[in-house]
Amino acid sequence: MPATVILGGQWGDEGKAKVVDFLMSRHDVVLRFQGGANAGHTVVNDDGTFKFHQIPSGILYPDVTAVMGNGMVIDPFAFRDELGELLKRSIDVAGRLLISSAAQVVMPHHKFIDSLMEGELKKNHIGSTGKGIGPAYSSKHSRRGMRMSDFLLSKEELHELVTRSTEWGNRYVELFGAPPLSAKKIAADFVNIQELISPMIIDTQELVTKWKADGKNIMLEGAQGTLLDIDHGTYPYVTSSNCSIGGAISGSGLAPRDIGRAIGIFKAYATRVGNGPFPTELEDETGDCLRDKGREFGTTTGRPRRCGWFDLVAARYAVNLNGLEEIALTKLDVLSGQEKIRFCVAYELDGERIGYFPQNVHLLNRCKPIYEEMPGWPDQELGRGDFEDLPENAKAYVRTLEERLGIHASFISTGPERSSTIVREDA
Ligand code: IMP
């Protein structure tokens, strides 16, 4: 069966985990293809609220195999803690939580360097999550990184490798005038978790080939969002991986023709954490209201998210870039109670109207949103199953976004619970 890709259409936090959770029952395997502990995915089901950072959220389905793919950068200590939380809640992962031997390891020096770099950038800092993501991908691309396969070495070899890697990292730490990390202690910590981690490490390329041959239903789970993509996002205010469709290929080992369905997840408004351009940002009471109502605080860092109106220019960019044929629209309920709902249809750049999303961050910073508006709907509970039961103005808003994007919203989410999901006719 062709694979399904779930990816973020905006700046992350679109509610991807809910859609993954909703569709998971039709899949055998879920593979996360990029990022690391910077992500925060929340699932609310009958057993309560679960927060995920590195482990694919699909693990909550007992028959699903969850894979941390080769495109990820994995913090093994954060992984141990996340796994511990799942085990505490009696989620049995034995034999069905796997880690690609080709995934990179986030080392303690990566996290330290992340914070040192952010400190040095001062007011121009990226606003990273501090999880070492940028430095870990830098090590990968400069071919100095450790891979998860290194956990399969002997204890002595692992100790030696971690020591060398940390000493290498300390050379960067020194550039910032910061005290070096203890290579010996870190190496001992790695050896201590080796037994826990090593049984889960597997050659995922071989596995993926087998799954394809066996006709397994594979879901590829993205983290962050298209506008944070290292190549296609608002560089340098981005994360360090490919969160858009290309990353789903390179980060999983599937081929383009294996992808049957790509669903872009979009919030019914927009949010962003960290620095960088955000043309439709609302720094007023409406922004505060969206933040409070939408509980827009980071799952990973707790930081308040910047909030704004839906940006059709940016959304169109994401639709085209990812070749999307359908979207899921989440958090529609958060807009309830707004007297007027605005959406950005174009930008004004240096006195001219433009309809495209500039790749150049300096230009994007100068873009001012041009809005259209529609009447809102009362602050009421939204329907839980049938699109037709939504308030007329809510339906009109969804239809307007669909028309302007030229794309169908297959799912509409009206609350955090699984049951608060409207599935449209052909989804
Ligand atoms: P990093 O990925 O920690 O290096 O952070 C780079 C940028 O991506 C910062 O603006 C972060 O706030 C943002 N970012 C990283 N992960 C997420 C996420 O899961 N959701 C939203 N923003 C994120």
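Keep in mind that what you see is a predicted model, and the values were worked out from it rather than measured. (Residues numbered from 1 in each chain as written. Predicted model: local features only at pLDDT ≥ 70, side-chain atom pairs only at ≥ 80, totals over all residues. Heavy atoms only, no water.)

Draft legend 1. Quick look at the overall build of the protein chain. Each helix and strand in the protein chain was counted, giving twelve helices and 20 strands. Projected onto its principal axes, the C-alpha positions of the protein chain cover 65 × 50 × 40 Å. Per-residue burial for the protein chain yields a buried fraction of 56% across its 427 residues. Long-range contacts, defined as pairs at least 24 residues apart, comprise 76% of the intrachain contacts of the protein chain with a sequence gap of at least 6. Taken as a whole, the protein chain presents about 18000 Å² of accessible surface, with 49% of it coming from carbon and sulfur. A gap of 3 Å separates the mean positions of the 48 positive and 58 negative side-chain charges of the protein chain. (Helix = DSSP H or I, 4+ residues; strand = E, 2+ residues; numbered from the N terminus. Buried < 20%, exposed > 50% of the residue type's maximum accessible area, 1.4 Å probe, protein only. Contact = heavy atoms within 4.5 Å. Areas by Shrake-Rupley, 256 points an atom, 1.4 Å probe, with all protein chains shown as cover. Lys, Arg positive; Asp, Glu negative; His and termini not counted. Charge placed at Lys NZ, Arg CZ, Asp CG, Glu CD.)

Draft legend 2. Representation of empty space enclosed by the protein in the model. If you walk through the whole model with that rule in mind, you get three cavities of 30 Å³ or more. Its boundaries defined by the atoms lining it, the largest cavity holds a volume of some 50 Å³. The wall of the largest cavity is formed by K18, V19, F22, F411, I412, S413 and T421. Broken down by secondary-structure element, the contributors of at least two residues to the lining of the largest cavity are α1 (16-24) and β19 (408-413). When residues of the lining of the largest cavity are assigned to domains, at least three map to each of domain 1 (3-102 + 200-261) and domain 3 (267-321 + 329-423). (1 Å grid on protein atoms, 1.4 Å probe; cavity = no way out; pocket = protein on both sides within 12 Å on 5 of 7 lines; lining within 4 Å. Points joined across faces, edges and corners; volume = space filled by probe spheres on them. Domains from an automatic or database assignment.)

Draft legend 3. Structural context of the site of the ligand. Taken together, 17 residues are adjacent to the ligand, and D13, N38, T129, T239 and R303 come closest. Separating an oxygen atom of the ligand from a side-chain N or O atom of N38 is a distance of 2.9 Å. Between the ligand and T129, the relevant distance is 2.6 Å, taken from an oxygen atom to a side-chain nitrogen or oxygen of the residue. Considering only residue class, the shell around the ligand consists of seven nonpolar, eight polar and two charged. (Near = heavy atom within 4 Å. Polar contact = N/O pair within 3.5 Å; in protein donor to acceptor, adjacent residues only side chain to side chain. Nonpolar A, V, L, I, M, F, W, Y, C, P; charged D, E, K, R; others polar.)

Draft legend 4. Structural detail: the nonpolar core. One finds L220, F266, F310, L332, L335 and Y397 to be the most contacted residues of the largest nonpolar core, which totals 53 residues. The element contributing the most residues to this core is helix α12 (residues 392-405), with five residues. Each of two domains, domain 1 (3-102 + 200-261) and domain 3 (267-321 + 329-423), supplies a minimum of three residues to this core. Apart from residues lying up to four places away in sequence, F266 is in contact with G9, Q10, E14, F310, A315, A318, V319, L324, I327, A328, L329 and T330. Grouped together as the second largest cluster of nonpolar side chains are 49 residues, I59, I99, I193 and A328 included. (Core = buried A, V, L, I, M, F, W, Y, C linked by side-chain atoms within 4.5 Å.)

Draft legend 5. Representation of the sheet that holds strand β1 (residues 3-8). Overall, mixed pairing links the ten strands, which are arranged β9-β7-β5-β2-β10-β1-β11-β15-β19-β20 in an open sheet. The strands lining the two open edges of the sheet, one partner per strand, are β9 (201-202) and β20 (421-423). Helix-sheet contacts for helix α7 (residues 204-213) involve β2 (29-32), β5 (65-68), β7 (97-100), β9 and β10 (218-221), and the interaxial angle to β5 is about 140°. (Pairing = 2+ DSSP bridges. Axes fitted to C-alpha atoms, helices over the stretch in contact; angles between N-to-C directions.)

Draft legend 6. Region of interest: the environment of G233. Locating G233 in the fold gives a position in the loop between β10 and α8 (245-250). In this structure G233 comes out as buried when scored by relative accessible area, which is 6%. The spatial distance from the C-alpha of G233 to the C-alpha of Q359 is 7.6 Å, given a sequence separation of 126 residues. Discounting chain neighbours no more than four positions away, the residues touching G233 are T226, L227, L228 and V238.

Draft legend 7. Molecular detail of the pattern of salt bridges. Tallied over the entire structure, the rule returns 25 salt bridges. Among the ionic pairs, K111 bridges to D75, the shortest N-O distance being 2.9 Å. Taken together, the residues span a long stretch of sequence, with K111 in helix α3 (residues 108-121) and D75 in the loop between β6 (73-74) and α2 (76-88) at a distance of 36 residues. With its nearest N and O atoms 3.0 Å apart, the salt bridge here joins D288 to R291. Taken together, the residues D288 and R291, both in helix α9 (residues 285-293) and three residues apart, mark about one turn of the helix. The class for R291 is buried, based on a relative accessible area of 16%. It is possible to trace a salt-bridge network through shared partners that takes in D13, K267, E296, R305 and K331. (Salt bridge = Lys/Arg side-chain N within 4 Å of Asp/Glu carboxyl O.)

Draft legend 8. The arrangement of the layout of surface pockets in detail. If you add up the space inside the second largest pocket, you get close to 150 Å³. Together, 13 residues line the second largest pocket, and D333, E381, L382, T414 and G415 are the ones closest to its centre.

Draft legend 9. Quick look at the domain arrangement of the protein chain. By the assigned domains, the protein chain splits into domain 1 (3-102 + 200-261), domain 2 (105-197) and domain 3 (267-321 + 329-423). One C-alpha centre belongs to domain 2, the other to domain 3, and the line joining them spans 37 Å. Counting each side, the surface lost to burial between domain 2 and domain 3 is near 390 Å², with a carbon and sulfur contribution of 44%. Contact with domain 3 buries area across many residues of domain 2, yet G127, T129 and K131 alone supply 62% of it, more than any other trio. On inspection of domain 2 and its partner domain 3, the count reaches three residue pairs in polar contact (both at pLDDT 80 or more). Its residues assigned to classes, the side of domain 2 that touches domain 3 shows one nonpolar, five polar and two charged. (Buried area = accessible area lost by both parts, 1.4 Å probe.)

Draft legend 10. Broad picture of the pairing of β2. Burial along β2 is two-sided: V29 and L31 facing one way and V30 and R32 facing the other are all buried. Here β2 runs beside β10; their pairing, made up of four bridges, is parallel. Bridge pairing links L31 to L220 in β10.

Draft legend 11. Molecular detail of the pairing of strand β15 (residues 326-330). The buried fraction of β15 is high, at five of five residues. In β15, alternate side chains face the same way, and those of E326, A328 and T330 on one face and I327 and L329 on the other are all buried. By the bridge criterion, five bridges tie strand β11 (residues 259-267) to β15 in an arrangement that is parallel. Residue G264 lies in a different strand from β15, and its bridge partner there is I327.

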